Amino acid sequence: MLRPILIHPDPRLKKVCDPVTEFTADLRRLADDMLETMYDAPGIGLAAPQIAVTKRMIVMDCIKEGTPEPMVLINPVISWSSEDVSTYEEGCLSIPEQYAEVNRPAEVRVTWLDVDGKAHEQQFSGLWATCVQHEIDHLNGKLFIDYLGPLKRQMITRKMEKLKRERARHP
Ligand code: K1U
Ligand code: ZN
């Protein structure tokens, strides 16, 4: 099932999300809904708070061409970050059509649980590293515009307020 994606500014995008403690059929359905919503957008990642679910859960697939590689990460934790930094022009499904360069560690090691509660650990590099950090930020109420200066951030926020007013007038 497709879920509506929240648009910034929204207080639900600023919350620190709760860890997942129960691995139920509902959780598996939520993971399926998140992947469907991400592919439909289209996007390369999606975090649960973007669909108004305050749980520490993200999905990603950074393969742009070829066989898809959907990933579901529950309670993800960055256990190591490289000193090397990479710069990527990021976007966000909660901030449509706005892009800005963000510096982040070029490589990260992440631990997480899958939908069965099984533990995993993997090192990410390239776009996968950028995306997993962007998505984990969402779980802590942080958006990529929080890395920008106040003027740029305010300009984007005003554009999003206008977009939301227009969408409310012409749903
Ligand atoms: O979390 C999100 O809002 C999803 C976001 C993830 C992301 C993009 C760029 C850098 C870091 C994290 C997106 O997927 S925005 C859309 C996007 O990047 C894209 C869409 C279609 C094809 C390829 C990329
Ligand atoms: Zn985002």
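Refer to the structure above for everything that follows.
Summarised in this report is the structure supplied together with it. Please read all numbers here as calculations on a predicted model, not as lab measurements. Throughout, a residue's number is its position along its own chain's written sequence, starting from 1. Labels follow written order: the first chain is A, the first ligand is 1, and so on. Local features in this predicted model are restricted to residues whose pLDDT is 70 or higher, and side-chain atom pairs enter the listing and the counts only when it is 80 or higher, whereas totals over whole chains, interfaces and linings include all residues. Each side-chain value is derived from all of the structure's non-hydrogen atoms; neither hydrogens nor water enter the calculation.

Put simply, a residue is near a molecule or strand once any heavy atom of it comes within 4 Å of that molecule or strand. Surrounding ligand 1, one finds 16 residues, the nearest of these being Ile44, Gly45, Gln50, Leu93 and Glu135. For this analysis, a polar contact is any N or O atom pair within 3.5 Å, provided that within protein one partner can donate a hydrogen and the other can accept it, and provided that sequence-adjacent residues contribute only side-chain to side-chain pairs. Ile44 places a main-chain nitrogen or oxygen 2.7 Å from an oxygen atom of ligand 1. Taking Glu135, its side chain carries an N or O atom lying 2.6 Å from an oxygen atom of ligand 1. Burial of ligand 1 by the protein amounts to 82% of the accessible area it has alone, namely 530 Å². Detection works on a 1 Å grid of protein atoms alone, calling trapped sets that fit a 1.4 Å probe cavities and calling open sets with protein on both sides within 12 Å along at least five of seven lines pockets, with lining residues defined by an atom within 4 Å of a point. To qualify as sitting in a cavity or pocket, a molecule needs more than half of its atoms within 2 Å of the grid points. The cavity that encloses ligand 1 is the largest pocket. Secondary-structure elements contributing two or more residues to the shell around ligand 1 are strand 4 (85-92) and helix 2 (126-139). Per-residue and other accessible areas were derived by the Shrake-Rupley procedure at a 1.4 Å probe size, with only the shown protein chains allowed to occlude residues. Numbering goes from the N terminus for both helices and strands, where a helix is a DSSP run of H or I of at least four residues and a strand is a run of E of at least two.

Another aspect to go through is the pattern of salt bridges. Any Lys or Arg side-chain nitrogen found within 4 Å of a carboxyl oxygen on Asp or Glu counts as a salt bridge. Here the structure, examined in full by the defined rule, presents 9 salt bridges. Put simply, Lys14 and Asp146 hold a salt bridge, and the shortest N to O gap is 3.3 Å. Residue Lys14 is found in the segment before helix 1 (25-40), and its partner Asp146 is found in the loop between helix 2 and helix 3 (150-169); the two are separated by 132 residues along the sequence. Accessibility here uses a 1.4 Å probe with only protein chains present; expressed as a share of the type maximum, an area under 20% marks a residue as buried, one over 50% as exposed, and anything in between as partly exposed. For Lys14, a relative accessible area of 43% gives the class partly exposed. With relative accessibility at 27%, the residue Asp146 sits in the partly exposed group. Close ionic contact of Glu166 with Lys162 constitutes a salt bridge, the shortest N to O distance being 3.7 Å. With Glu166 and Lys162 both in helix 3 and 4 residues apart, this pair spans about one turn of that helix. For Glu166, a relative accessible area of 32% puts it in the partly exposed group. By sharing partners, the salt bridges in this structure join Glu90, Arg104 and Asp137 into a single network.

Here we come to the pairing of strand 5 (residues 95-105). Here, a strand pair is defined by DSSP locating no fewer than two bridges between the strands. Bridging between strand 4 and strand 5 involves 7 bridges; their strand directions are antiparallel. Residue pairing in the sheet places Thr87 in a bridge with Asn103 of strand 5.

In this description, a nonpolar core means a group of buried Ala, Val, Leu, Ile, Met, Phe, Trp, Tyr and Cys residues linked to one another through side-chain atoms lying within 4.5 Å. Counting 18 residues, the largest nonpolar core has Ile58, Met60, Met71, Leu73, Val110, Phe124 and Val132 as its most contacted members. Broken down by secondary-structure element, the contributors of at least two residues to this core are strand 2 (57-60), strand 3 (71-81), strand 6 (107-113) and helix 2. Tallying contributions element by element places helix 2 first for this core, with 7 residues. Any two residues whose heavy atoms approach within 4.5 Å are treated as being in contact. Those residues in contact with Val132 that lie beyond four places of it in its chain are Ile58, Met60, Leu73, Val108, Val110 and Phe124. With 16 residues, the next largest nonpolar core counts Leu46, Ala48, Met57 and Val115 among its residues.

Here we take up the coordination of the zinc ion (ligand 2). Water is absent from the atoms considered, so a metal site may look incomplete; donors are defined as N, O and S atoms within 2.8 Å of the metal, or 3.2 Å for Na, K and Ca. With distances of 2.1 to 2.3 Å, the protein atoms coordinating the zinc ion (ligand 2) are Cys92 (SG), His134 (NE2) and His138 (NE2). On the primary sequence, the residues serving as donors to the zinc ion (ligand 2) are separated as C-x41-H-x3-H. In this pair, Cys92 is assigned in strand 4 and His138 in helix 2, connecting sequence segments 46 residues apart. Assigned by exposure class, Cys92 and His138 land together as buried.

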